[in-house]
Amino acid sequence: MHKRISEYFIETCIKLSGLVVIIFVVSIFLFLLKDSLSLFGIYNFRDFLFGKSWLPISEPAKFGVVPLFLGSLYVTIGAIVICVPLGVGSAMFIAEVAPAYLKHVLKSLVEILAAIPSVVLGFIGIVWMGPFLRNALNLNTGMCGLTGSLLLAFMALPTVISISEDALIGVPKTFKEAAFGLGATRWQTLWRIVLPSASSGIIAAVMLGVGRVIGETMVVMMVTGNSPVIPKSLLQPLRTMTATIAGEMGETVSGSEHYFALFAVGLILFIITFIINFIADICLRRARR
Amino acid sequence: MNAAKIREKVAFAVLGLITLLVVIPIMLTILYVVKNGAGAISWEFLTQSPRNGMKEGGIFPAIIGTIILIIGTMLCSLPLGILSAIYLVEYAKDNFFTRLIKLSVVNLSGIPSIVYGLFGFTLFVMLLRCGTSILAGSLTLAIMSLPVIITAAKEALESVPFSFREISLSLGASKWQTVRYCVLPYAIPGILTGTVLSLSRAAGETAPILFTVAAFYLPRLPRSIFDQVMALPYHLYVISTQVPNMPAKLSFATGLVLIALVFLMNLVSIILRAHYRKKKQW
């Protein structure tokens, strides 16, 4: 009987812990929503979503999210344009071209990159890449969107490479054998058969890379110059949504307009990454089929 | 050699070049930090507190703080992660609810780390009144590492052959006895591998601990789980952005210690994995 009770207890725990993940996602959403709604009680929703200036300490304060959103968008587009060709290209090399021993070395190096903490890359951006870009491109400051994009591209590479590589390897062998049998070269097979068949998985890799870049905080806070204005190009200082939350949260009074505004920015981030992950998940599921 | 062959040679060379473009910066990054930081690493640097506005002395409290946070995170996330994975693999039926859990795991892993910081701040620091403390920080990091641990534990449990369960059940063991004695022992190494890996990521995170636990400077080590701690990633952030005239050598050395700690944890996980593969007999 004693055994029965303890077994019942542990099985209840197991069933409850299955719920826990859902509870976390829902409660993160609800907490963000609750504080965002507090903002919209005192600040116009439209002014937040379409406002062109973010001036939290001016009088009256303005919380227009557009400059921050565009900051995130610019940096993300820059990073993805750099990251995707490099990531998918090297995934193709690792999956289809490299001999076994080299494959092993390359994969370990990519894992090493994945392990480097973002704050270390941000530090390298400050001491080396920023000054380097300033001199090379003759800019006013090296702390700009481009520095952020380059470092974020670097950071997102492991995600893009490993998921693309999985997708390429997952293409059924028979596809390749059929192509070889018809006299196609390895490159023709890779380019015209394997790559298109792996396209869902590669789209998922790109989406997850985008999610990684949009959500990254420390690197952009350290190297993009922290200037919340609408960016005209990647070569000027800007500020992303993540960096705004991280940089300003410490200065706000709990329960103030500014405090709630930062949660509203957090809510936007949450919704964006939720959608991106949802799409990536659908692509991955399609790729597995 | 025909045109197609030549095109293949060129294409593969381009792919190789792209791969070099990826790989060389990785090696240069590591070399750069090691070259500039190794000189400042000394026994004193590893065992003393910072002095003179961080510009002298060592990073001992930050190292200890990070280790405490790693342990705290593990204590909170490992049991929960294993139980959730057991539910998903052994108990869950293939229905809408289970799909919802799996989707939640995917989405939890995609939430930006700074949003975890916000959530941890409102829930643990403010609502549950933990204050900025080791407890609040560990819980925040634990929720963040949960999806990785669940995914790793799930894979480990799924890799245990189905026949193990059939035999145990056919001998009259209950569901839980089967899981406890015939499945879990064989999945533990795989679970640990994934856990160490996810903890190494948590150790390097800065954004979630910004408002939940990290302290700029503390003169003494923490005494309870309600104290703040210094942490390596936050320390590196502070000294590289907010301390004027900081000797670069010390920043590099801090970065090097952080990287070394994270790599050490990765190494442990690789060794665990290798050991596990060798012992595997099915």
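Residues numbered from 1 in each chain as written. Chains lettered and ligands numbered in written order. Predicted model: local features only at pLDDT ≥ 70, side-chain atom pairs only at ≥ 80, totals over all residues. Heavy atoms only, no water.

This part takes up the overall build of chain A. Looking only at helices and strands, chain A features twelve helices and two strands. C-alpha atoms of chain A, sized along the principal axes, occupy 80 × 75 × 35 Å. Within chain A, the fraction of its 289 residues that count as buried is 55%. Here the analysis covers contacts within chain A between residues at least 6 apart in sequence; of these, 71% occur between residues at least 24 apart. As presented, chain A carries roughly 13,100 Å² of accessible surface, and 67% of it is formed by carbon and sulfur atoms. Averaged over its 21 positive side-chain charges, chain A has a centre that lies 8 Å from the centre of its 15 negative ones. (Helix = DSSP H or I, 4+ residues; strand = E, 2+ residues; numbered from the N terminus. Buried < 20%, exposed > 50% of the residue type's maximum accessible area, 1.4 Å probe, protein only. Contact = heavy atoms within 4.5 Å. Areas by Shrake-Rupley, 256 points an atom, 1.4 Å probe, with all protein chains shown as cover. Lys, Arg positive; Asp, Glu negative; His and termini not counted. Charge placed at Lys NZ, Arg CZ, Asp CG, Glu CD.)

The next thing to look at is the pattern of salt bridges. Residue and element names in this part refer to chain A. Enumeration according to the criterion identifies eight salt bridges over all chains in this entry. Between Arg-285 and Asp-281 there is a salt bridge; the shortest N-O distance is 2.9 Å. Within this pair, Arg-285 and its partner Asp-281 are both found in helix α12 (residues 257–288), separated by four residues, close to a single helical turn. Here Arg-285 falls in the partly exposed class, since its relative accessible area comes to 39%. By relative accessible area, which is 11% here, Asp-281 ends up buried. (Salt bridge = Lys/Arg side-chain N within 4 Å of Asp/Glu carboxyl O.)

Following both chains from N to C, one finds helix α8 (residues 186–197) of chain A and helix α1 (residues 3–37) of chain B inclined at 65°, their axes separated by 8 Å at the closest point. Classified by the interaxial angle, the pair formed by α8 of chain A and α1 of chain B is roughly perpendicular. Two secondary-structure elements touch here, α8 of chain A through Arg-186, Trp-187, Gln-188, Leu-190 and Arg-192 of chain A and α1 of chain B through Ala-4, Arg-7, Glu-8, Ala-11, Phe-12 and Leu-15 of chain B. Here the residues of the contact of α8 of chain A with α1 of chain B are counted per class, giving six nonpolar, one polar and four charged. (Axes fitted to C-alpha atoms, helices over the stretch in contact; angles between N-to-C directions. Parallel < 35°, antiparallel > 145°, perpendicular 65-115°, else oblique. Nonpolar A, V, L, I, M, F, W, Y, C, P; charged D, E, K, R; others polar.)

Our focus in this paragraph is the packing of aromatic side chains. Going through the model one piece at a time under the given rule, you end up with 19 aromatic pairs over all chains. Taking the centre distance of 5.4 Å and the plane angle of 75° together, the rings of Tyr-43 of chain A and Phe-63 of chain A count as edge-to-face. You can see Tyr-43 of chain A sitting in the loop between α1 (2–42) and α2 (45–50) and its partner Phe-63 of chain A sitting in strand β2 (residues 62–63), a full 20 residues away along the chain. Under the relative-accessibility criterion, Phe-63 of chain A is labelled buried at 1%. The interplanar angle of 40° and the centroid separation of 6.1 Å between the aromatic rings of Tyr-234 of chain B and Tyr-237 of chain B together place this pair among those described as tilted. In this pair, Tyr-234 of chain B and Tyr-237 of chain B are both assigned in helix α9 (residues 232–241), three residues apart and thus about one turn of the helix distant. Relative accessible area serves as the criterion here: at 12%, Tyr-234 of chain B is assigned to the buried category. Given a relative accessible area of 10%, Tyr-237 of chain B falls into the buried group. Directly above the aromatic system of Tyr-91 of chain B lies the positively charged group of Lys-175 of chain B, at a separation of 5.4 Å from the ring centroid. Sitting over the ring of Tyr-181 of chain B, Arg-180 of chain B keeps its end group 4.7 Å from the ring centre. (Phe/Tyr/Trp six-rings, centres within 6.5 Å; stacked < 30°, edge-to-face > 60°. Lys NZ or Arg CZ within 6 Å of the ring centre and 35° of its normal.)

Let us now look at the interface of chain A and chain B. Chain A puts 75 residues into the contact, and the matching count from chain B is 77 residues. The junction of chain A with chain B conceals about 6,500 Å² of combined surface from both sides, 82% of it contributed by carbon and sulfur atoms. For the chain A face of the interface with chain B, the top three residues by lost area are Ile-14, Phe-123 and Trp-187 of chain A, together amounting to 10%. Between chain A and chain B we count five residue pairs in polar contact (both at pLDDT 80 or more) in total. Here the side of chain A that touches chain B is built from residues that sort into 51 nonpolar, 14 polar and ten charged. (Buried area = accessible area lost by both parts, 1.4 Å probe. Polar contact = N/O pair within 3.5 Å; in protein donor to acceptor, adjacent residues only side chain to side chain.)

Glancing now at the packing of helix α3 (residues 66–97) of chain A against helix α4 (residues 100–115) of chain A. Residue and element names in this part refer to chain A. α4 packs onto α3 with a crossing angle of 145° between their chain directions and a minimal axis gap of 9 Å. Viewed along their axes, α3 and α4 form a crossing whose handedness is left-handed. Listed contacts from α4 to Phe-93, Ile-94 and Ala-95 of α3 are Leu-102, Lys-103, Leu-106 and Lys-107. Class assignment for the residues of the contact of α3 with α4 results in five nonpolar, no polar and two charged. (Left-handed = near helix turned anticlockwise from the far one by under 90°.)

Right, let's talk about the environment of Phe-96 of chain B for a bit. Its location among the elements puts Phe-96 of chain B in helix α4 (residues 96–110). A C-alpha to C-alpha distance of 46 Å links Phe-96 of chain B and Thr-29 of chain B, two positions 67 residues apart in sequence.

Counting 187 residues, the largest nonpolar core has Ile-28, Phe-48, Val-120 and Leu-168 of chain A together with Ile-114 of chain B as its most contacted members. Mapping this core onto the domain boundaries places at least three of its residues in each of domain 1 (2–42) and domain 2 (68–288) of chain A. (Core = buried A, V, L, I, M, F, W, Y, C linked by side-chain atoms within 4.5 Å. Domains from an automatic or database assignment.)

Residues and elements named next belong to chain A. According to the domain assignment, chain A contains domain 1 (2–42) and domain 2 (68–288). Computed from C-alpha atoms alone, the centre-to-centre distance between domain 1 and domain 2 is 31 Å. Between domain 1 and domain 2, the contact holds eleven residues from the first and ten residues from the second. Across the interface of domain 1 and domain 2, roughly 960 Å² is buried in total on both sides, 83% from carbon and sulfur atoms. It is Leu-32, Asp-35 and Leu-39 that lose the most area in domain 1 upon contact with domain 2, and together they represent 48% of the buried surface on that side.

The next point concerns helix α5 (residues 113–127) of chain B. Residue and element names in this part refer to chain B. With 15 residues, α5 ought to run about 21 Å at 1.5 Å a step, and its terminal C-alpha atoms sit 20 Å apart, in line with that. At Gly-120, α5 is bent by approximately 30°, the largest bend along its length. In terms of residue burial, α5 counts as a mostly covered element, since 13 of its 15 residues are buried. Arg-129 occupies a position one or two residues after α5 and carries a positive phi of about 55°. (Expected span 1.5 Å × (residues − 1). Bend = angle between axes of the 7 residues up to and from the residue.)

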